[in-house]
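# Chains, contacts and geometry: an overview
Spelled out from the first residue to the last, the chains are:
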Amino acid sequence: QVQLVESGGGLVQAGGSLRLSCAAFGITFSNYAMGWFRQAPGKEREFVASIRRDPGIADYEDSVKGRFTVSRDDAKNTVYLEMNSLKPEDTAVYYCAADFFGSGSRALNAYEYWGQGTQVTVSS
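These numbers were taken from a predicted model, which means no experiment stands behind them.

Rules of the game
Residues numbered from 1 in each chain as written. Predicted model: local features only at pLDDT ≥ 70, side-chain atom pairs only at ≥ 80, totals over all residues. Heavy atoms only, no water. Salt bridge = Lys/Arg side-chain N within 4 Å of Asp/Glu carboxyl O. Helix = DSSP H or I, 4+ residues; strand = E, 2+ residues; numbered from the N terminus. Buried < 20%, exposed > 50% of the residue type's maximum accessible area, 1.4 Å probe, protein only.

## Describing the pattern of salt bridges
Taken as a whole and judged by the stated rule, the model has seven salt bridges. With a closest N to O distance of 3.9 Å, Arg-19 and Glu-82 form a salt bridge. Of this pair, Arg-19 sits in strand E3 (residues 18-25) while Glu-82 sits in strand E8 (residues 78-83), and the two are 63 residues apart along the sequence. The exposure class of Arg-19 is partly exposed, given its relative accessible area of 46%. Classification of Glu-82 as partly exposed rests on a relative accessible area of 26%. We note a salt bridge from Glu-46 to Arg-38, for which the minimum N-O separation is 2.8 Å. On the basis of relative accessibility, which here comes to 5%, the residue Arg-38 falls in the buried class. Three or more residues joined by partner-sharing salt bridges are found here, namely Arg-38, Glu-46, Arg-67 and Asp-90.

Given below as structure tokens:
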């Protein structure tokens, strides 16, 4: 049974930081590129960041570049999203996703497995 389990979301003031985690179960984690996506109420789910398999090349959506950092720890089967200088417009449910031998695509349909999401709320 494949599961991706996000954690670390919460309520934070603008300018603050959060670190999201996504733990994977039932897959050979090192064989997957991992992505982070987010969906705000009434909006489409959008790409945030991705990280490839070793050497772990990362990609970021322009609005988070320089503020967010994606990383992975294959020994822990976990991908992280460090979010700094948070803005109210970052408020969304954040999802992690796994793409078998992927290249860190920005397209939702490239990913085979998805977590249930974790809520991030940034107050002004």
